[in-house]
Amino acid sequence: MRRLVPLLLAAGLTAQRLPDPEALWRAKRYEEAKNAFEALLKAHPANPDYRVRFGRLFLERFNRDEAFKMFEEALKMKKDHPGALTGMALILAENFEHKAVELAEEALKADPKHLEAQELLARLALEDNNPKKAAEEAEKALKISAEALDAMAILATIDWLEDKKDTPWIGRILAKNPAYGEAYATAGHFFVINRRYEEGIAFYRKAIALRPDLWAARSQLGINLMRLGQEEEARSHLEMAHNNGHTDKPTTNTLLLMDTYKNYATFKTPTTILRLHRKESELLQPYFQAELDRCIRTYQDKYGFKLERPVQLEVYPNHEDFAVRTMGMPGLGALGVTFGYVVAMDSPSGREPGKFHWASTLWHEMSHVFVLAATQHRVPRWFTEGMAVHEETAISPDWGDRLDPHALSAIKNKKLLPVADLDRGFIRPSYPQQVVVSYFQAGRICDYIAEHWGYPKLLDMMHSYAQGASTPAVIEKHLGLKPEEFDKRFIAALEAANKKTIDGFEEWRKKLRHVSELAKAGKHDEVIQEAGAIRDLYPDYVEAGSAYEFLAEAFLAKGDKTRAIAELARYSQTGGRHPALLKKLSALLEEAGRNKEAAAALLRLNFIYLHDEESHRRLGGLWLNDGNLEGAIREYRSVIAMKTLDPASAHYNLAAAYRKAGRNDLAKEEVISSLEAAPGYRPAQKLLLELAQGEK
């Protein structure tokens, strides 16, 4: 959609002997073109057309902010300028923003023959997974101009997405322009956003075969090859695009990210490839590998499907690196993303402790791997996300996301989408937080189906999607309901299940503020009375300053540790993730002699945050005393991997665990390491002597 439609400059241009910015632009003399436009604007400050063209130059040269500024200035001069409105729509469309549609429609109202706006509407409709509307918009473009190549490309793409091997539209395009690689690049874009990456790559290859200097398509080819782990070829295409002036952020940042891979370690098994940053690989590898293996075993059984090749998991300690890895995808969840058999996600260290459940994210993304592979990527986004959210809680009830205020508001204000249109909530949200709400809704839909029709029904639906069936057809075939009736029943059930929280939300919010004030004043009895009353109004609220936290602190202040434990346990079971509160729960349980429960609380923390040395030490000790020797060994090795400031005791603890497990050779190595760190460390001296005597 970036084909530029030349505008004739004012006749006064030649008379004033100003440089022709359009000619300089066509010659790729971009800096000179920029200077010429600036001179032109100075000479004609009230002409909006020049600003629109200058904005398009900025847009082509990857300066979105300046482009948007030019379009805004043009609209101040002429509020319905179709070129300015279309330029703005193009920028917003890149981020899948809903307002892009509105702006393109405004451009057409201003000029019903504005071809670029009409073609953009066809593209946006197809991005919204509405091929019927996309085709209608494309046909309108062809009525404006029989040369509307981008409209033809949309129509060809619709055919290809429906698995039609032949489409008449590509022949018509190439008859008009045999080198129009943009048509295949358009198809590549749509296959990628529908997560059909290998097919998308094939279309990008066709695009650059027709036109080798189509650098945007070559860049996308490189980015998507990288997404599938084909990094050597990816780099060659990205470097070629970059060296030829295609220096947009995805191209540049992806090359920079690839340069950092020398800092990563790779661990391979027959079924997995695990890439971890070297600074934390020793700590993370045992935990991530164990969960990867458990995921694969579990999902193979649940889905009745075996993966064809190893899964590659990449874990990024720098969130910005993860963002680069996933750049350009619609409805991006901020924690993880799946590209077929390649998964990328944040490291536990890349997020604020307690804000990220890495194990839940891993299981979520691995569900995508299986569902996409089993359906050959022919499945709507809402269903894959819904299945993944459902699977998180199926593994452990405290793992999945809770009912948050955004979802509450959406239920209360009737903002949930019909199931047949739910993909729009992920791709082009119409209000802030709609993506988050759509994750919640999709997960609850899968929960509802599993509860009322049984989990196998979800698998039946998955297989129908693999055959190309639409959501309305799948709902009717497997649930025996029209989609509208399903929506009615599902929403009624959701409203009934959350009625207490919805009706009491304003009261809860007001009283929680009051409880906070009481806690600050040290009025513990009043805190207990007030917080106890509102906790059950909104039991899913486990964020900072929850009723559970206020109650536990009040009970502790009054010396009632039993009730404090009960509140913290309820907080943990509901999904509370703050490390300090989970550690406090564990300490109280251990003090009460409930060591198995204390260990379980710390194990729950391991799935949330792995960079807490004290927790590893304590869990290692609890498991050592309980006879879980392999668990104790793993925890003590984690302490060493964290480059502890007390290596003597860390190596000694590991030595003690190895000795208890009968692995005396390893115990001796660790006790020697302990003494190397602190030669006078008496416990290590004693253990070394005992080991030496045992060898006699």
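Attention here is on the structure that accompanies the text. Each chain carries its own residue numbering, running from 1 in the written order of its sequence. Given that the model is predicted, a residue must reach a pLDDT of at least 70 before its local features are reported, and side-chain atom pairs must reach 80 or more before they are shown or counted; all residues, however, enter totals for whole chains, interfaces and linings. Water and hydrogen atoms were dropped before computing side-chain values, which therefore reflect all heavy atoms in the structure.

So, about the pattern of salt bridges. Between Lys or Arg on one side and Asp or Glu on the other, a salt bridge is scored when a side-chain nitrogen of the former is within 4 Å of a carboxyl oxygen of the latter. Within the structure shown, the criterion is met by 55 salt bridges. The residue D159 makes a salt bridge to K164 at a minimum N-O spacing of 3.6 Å. In this structure, R618 engages E590 in a salt bridge whose closest nitrogen and oxygen atoms are separated by 3.0 Å. One end of the pair, R618, is in helix α33 (residues 613-626); the other, E590, is in helix α31 (residues 579-591), with 28 residues separating them in the sequence. Partly exposed residues are those whose accessible area sits between 20% and 50% of the maximum for their type, while under 20% is buried and over 50% is exposed, using a 1.4 Å probe and protein chains only. Under the relative-accessibility criterion, R618 is labelled buried at 17%. Ionic contacts of the salt-bridge type, sharing partners, join the residues R123, E127, D128 and R428 into one network. Only DSSP runs of H or I covering at least 4 residues are called helices, and only runs of E covering at least 2 are called strands; the numbering of each starts at the N terminus.

Its location among the elements puts Q118 in helix α8 (residues 115-127). Judged by its relative accessible area of 6%, Q118 is buried.

Grouping buried Ala, Val, Leu, Ile, Met, Phe, Trp, Tyr and Cys residues that are joined through side-chain atoms within 4.5 Å yields what is termed a nonpolar core. In this structure, F288, W358, M366, W382 and F486 are the most contacted members of the largest nonpolar core, which totals 131 residues. V192, A217, M226 and I427 belong to the second largest nonpolar core, which has 60 residues in total.

As a further point, take the sheet that holds strand β3 (residues 311-316). Any two strands are treated as partners once DSSP identifies two or more bridges connecting them. An order of β1-β2-β3-β5-β4 is seen for the five strands of this open sheet, with the pairing classed as mixed. Looking along the sheet, the strands with just one partner apiece sit at the ends: β1 (264-268) and β4 (336-339). Within the sheet, the average angular offset between the axes of one strand and its neighbour, ignoring direction, is 15 degrees. Here β1 runs beside strand β2 (residues 272-277); their pairing, made up of five bridges, is antiparallel. With axes taken as lines fitted to C-alpha atoms, and helix axes fitted only over the stretch in contact, angles between N-to-C directions fall between 0 and 180 degrees.

Relative orientation of the contacting elements α33 and helix α35 (residues 647-660) amounts to 20 degrees, with a least axis distance of 11 Å. In terms of their interaxial angle, α33 and α35 are classed as roughly parallel. Relative to α35, the crossing made by α33 is left-handed. Facing R617, L624 and N625 of α33, the residues of α35 in contact are S649, A650, N653, A657 and K660. In this count, Pro and Cys sit with the nonpolar residues alongside Ala, Val, Leu, Ile, Met, Phe, Trp and Tyr, while Asp, Glu, Lys and Arg are called charged and the others, Gly among them, polar. Here the contact of α33 with α35 is built from residues that sort into three nonpolar, three polar and two charged. Relative orientations are named as follows: roughly parallel for angles under 35 degrees, roughly antiparallel for angles over 145 degrees, roughly perpendicular for angles from 65 to 115 degrees, and oblique for any other angle. Crossing handedness is read from the near helix: turned anticlockwise from the far helix by less than a right angle, it gives a left-handed crossing, and turned clockwise, a right-handed one. Pairs of residues are marked as contacts when any of their non-hydrogen atoms sit within 4.5 Å.

With 14 residues, α33 ought to run about 20 Å at 1.5 Å a step, and its terminal C-alpha atoms sit 20 Å apart, in line with that. Of all 14 residues in α33, 10 are buried; the element is thus mostly enclosed. Burial in α33 covers these residues: S615, H616, R617, R618, L619, G620, G621, L622, W623 and L624. Buried-residue contacts for α33 involve α17 (278-303), α31, α32 (595-606), α34 (629-641) and α35. Contacts described as polar in this section are N or O atom pairs within 3.5 Å, which, within protein, must combine one atom able to donate a hydrogen with one able to accept it, while residues neighboring in sequence count only if both atoms come from side chains. N-cap assignment for α33: the residue whose side-chain oxygen lies 3.2 Å from the backbone N of E614 is D612. One or two steps after α33, the chain reaches G627, where phi turns positive at roughly 90 degrees. Here a helix's expected span is defined as the number of its residues, less one, multiplied by 1.5 Å.

Moving on to the state of the cysteines. Defined by distance alone, a disulfide is two cysteine sulfur atoms within 2.5 Å. For the structure on display, the rule yields zero disulfides. A disulfide-free cysteine, C295 has its sulfur positioned 17 Å from the sulfur of C446, the nearest such atom. On the accessibility criterion, C295 (0% relative accessible area) is buried.

Turning our eyes to something else, we now look at helix α27 (residues 499-520). Between its first and last C-alpha, α27 extends 31 Å over 22 residues, near the 32 Å set by a 1.5 Å rise per residue. Of all the bends in α27, the largest measures some 60 degrees and sits at F505. For α27, the set of buried residues is T501, I502, G504, F505, W508, L512, V515 and L518. Directly beyond the C-terminal end of α27, a positive phi value near 75 degrees is found at G522. The quantity called bend is, for any residue, the angle between two axes fitted respectively to the seven residues ending at it and the seven beginning at it.

Between 30 and 60 degrees the pair is tilted, below 30 it is stacked and above 60 it is edge-to-face, where a pair is any two Phe, Tyr or Trp rings, Trp via its six-membered ring, whose centres lie within 6.5 Å. Under the defined criterion, the tally for this structure stands at 33 aromatic pairs. Their ring planes at 40 degrees and their centres at 6.0 Å tell us that Y303 and F370 sit as a pair that is tilted. In this pair, Y303 is assigned in helix α17 and F370 in helix α19 (residues 358-375), connecting sequence segments 67 residues apart. Residue Y303 shares its accessibility class with F370, and that shared class is buried. Here the aromatic cluster, defined as three or more aromatic residues joined through ring pairs, consists of F288, Y299, Y303, W358, W363, F370, W399 and F607. The criterion for a charge sitting over a ring is simple: Lys NZ or Arg CZ within 6 Å of the ring centre, and within 35 degrees of the ring normal. When the ring centre of Y261 is taken as reference, the NZ or CZ atom of R275 above it lies at 4.0 Å. The ring of Y341 is capped by R309, whose NZ or CZ atom sits 4.1 Å from the centre of that ring.

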